[in-house]
Amino acid sequence: MPPRRVLIAGNWKMNGLRSALGEIEAIAAGYDDALKARADLLVCPPATLLIPAGERLAGSGVLLGGQNCHPSPGGAHTGGISAEMLQDAGACAVIVGHSERRTNLSESDAVVMAKVKAAWCRGLLPLVCVGETAEERDAGAAVEVVTRQVRQSVPDGCTAANMVIAYEPVWAIGTGRTPTPEDVAQIHGTIRRILKERFGAEADGMRILYGGSVKPDNAAVLLAVPDVDGALVGGASLKASDFLAIARATP
Ligand code: 13P
């Protein structure tokens, strides 16, 4: 199994107008040979910017992704966006099961799993998000919650090439708080173990990202934790200079 290539992914969430496309251009321009040698870069802008963002990224090697897809291939789902639509807009990946959707839109593990399968049908790489709330961590249930989410959101048939997991403790998202490197190592080690139980040696090649208040000044420490194979970056991905600085912190 070749060593895991670091993936630095930016989740723009519900941010970004056409006036922000200059940041996409700056990310493309900053993805130089030195950075290409170290990490894959993925930008997930809002759906309204996918096509113009793809035009700005063309030829740069920076990957384009969606932030969500519907489990159904198409049809009467007002406001929905299908995996095929993402693919048609130039995306090669999609975030699924983000805690903001699990919490605000009551997305269950079963729905997340259905979205992964929908993504696979169109050849998209799913980034499956898992992570405990503050209450769950305080109750000592972080490992149990993440274990359940990984077991129930991740379908059979995973390979190193078709699955990325992102551990995002809910209490670390947008708060400026991060877990200790030891806590991150414990959860990432747990996820790796679960993947190995199910997928054997293939799990050694699967990337497990850390997300939650990743910034240029803490990225080096977080990216150096065992079994951390990259980052899923929210707020700091909106500024090309910060996003590139995080990517350059890859060990
Ligand atoms: P922040 O980096 O803003 O904490 O967001 C993390 C996140 O939710 C990425 O998906």
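Residues numbered from 1 in each chain as written. Predicted model: local features only at pLDDT ≥ 70, side-chain atom pairs only at ≥ 80, totals over all residues. Heavy atoms only, no water.

Trainee: Give a description of the overall build of the protein chain that names residues and reports values.
Mentor: Within the protein chain, the regular secondary structure consists of 11 helices and eight strands. Compactness check: the protein chain gives a C-alpha radius of gyration of 17 Å against a globular reference of 18 Å for 251 residues, within 12% of the reference. Summarising its shape, the C-alpha atoms of the protein chain cover approximately 45 × 45 × 35 Å along the three principal directions. For the protein chain, the proportion of its 251 residues judged to be buried stands at 52%. Counted over contacts in the protein chain with a minimum sequence separation of 6, partners at least 24 positions apart contribute 73%. Surface summary for the protein chain: the accessible area is close to 10,700 Å², and the carbon and sulfur share equals 54%. (Helix = DSSP H or I, 4+ residues; strand = E, 2+ residues; numbered from the N terminus. Rg over C-alpha atoms; globule rule 2.2 N^0.38 Å. Buried < 20%, exposed > 50% of the residue type's maximum accessible area, 1.4 Å probe, protein only. Contact = heavy atoms within 4.5 Å. Areas by Shrake-Rupley, 256 points an atom, 1.4 Å probe, with all protein chains shown as cover.)

Trainee: So what about the pairing of strand 1 (residues 6-11)? Which residues, and what values?
Mentor: On a regular strand, one side chain projects to one face of the sheet and the next to the other, so that they alternate. In terms of residue burial, strand 1 counts as a mostly covered element, since six of its six residues are buried. By the alternation rule, side chains of strand 1 split into V6, I8 and G10 and L7, A9 and N11, which are all buried. The sheet contact formed by strand 1 and strand 2 (residues 39-44) spans six bridges and is parallel. The partner of I8 across the bridge, within strand 2, is L41. Relative to strand 8 (residues 230-233), strand 1 runs parallel, the two sharing four bridges. Following the sheet pairing, L7 is matched in strand 8 by G230. (Pairing = 2+ DSSP bridges.)

Trainee: Account for the side chain of Q149, naming residues and giving values.
Mentor: Tracing the sequence through the fold places Q149 in helix 8 (residues 142-153). Relative accessible area serves as the criterion here: at 6%, Q149 is assigned to the buried category. Excluding residues within four positions of it along the chain, Q149 makes contact with R102, D109, V130, G131 and V154.

Trainee: Go over the nonpolar core, please, and point to the residues and values.
Mentor: Ranked by size, the top nonpolar core spans 67 residues in total, and within it I8, L41, V128, I165, I191 and L195 carry the most contacts. Here this core takes six residues from helix 9 (residues 181-199), the largest share from any one element. Other than its neighbours up to four places away in sequence, V128 contacts V96, V112, V116, S153, V154, M163, V164, I165 and A166. One finds A9, C44, L125 and A166 within the second-largest nonpolar core, a separate group that totals 13 residues. (Core = buried A, V, L, I, M, F, W, Y, C linked by side-chain atoms within 4.5 Å.)

Trainee: Describe the site of the ligand, with residues and values.
Mentor: Close to the ligand lie N11, K13, H98, E168, A172, I173, G174, G212, S213, L232, G234 and G235, which account for all nearby residues. In this structure, S213 approaches the ligand through a main-chain N or O atom, which is 2.7 Å from an oxygen atom. At a separation of 2.8 Å, an oxygen atom of the ligand approaches a polar backbone atom of G235. Taken together, the residues of the shell around the ligand sort by class into three nonpolar, seven polar and two charged. (Near = heavy atom within 4 Å. Polar contact = N/O pair within 3.5 Å; in protein donor to acceptor, adjacent residues only side chain to side chain. Nonpolar A, V, L, I, M, F, W, Y, C, P; charged D, E, K, R; others polar.)

Trainee: Which residues make up the pattern of salt bridges, and what are the values?
Mentor: Taken as a whole, this structure holds 18 salt bridges when the rule is applied. Notably, a salt bridge pairs R207 with D40, separated by 2.9 Å at the nearest N-O pair. Here the residue R207 occupies a position in strand 7 (residues 207-211), and D40 occupies one in strand 2, the gap between them amounting to 167 residues. Exposure class is identical for R207 and D40. Each is buried. Through salt bridges with shared partners, a single ionic network connects R4, R192, D227 and D229. (Salt bridge = Lys/Arg side-chain N within 4 Å of Asp/Glu carboxyl O.)

Trainee: So what about the environment of R5? Which residues, and what values?
Mentor: Mapping R5 onto the fold places it in the segment before strand 1. Among residues more than four places away in sequence, those in contact with R5 are Y31, K36, A37, R38, A39, D40, R207 and D229.

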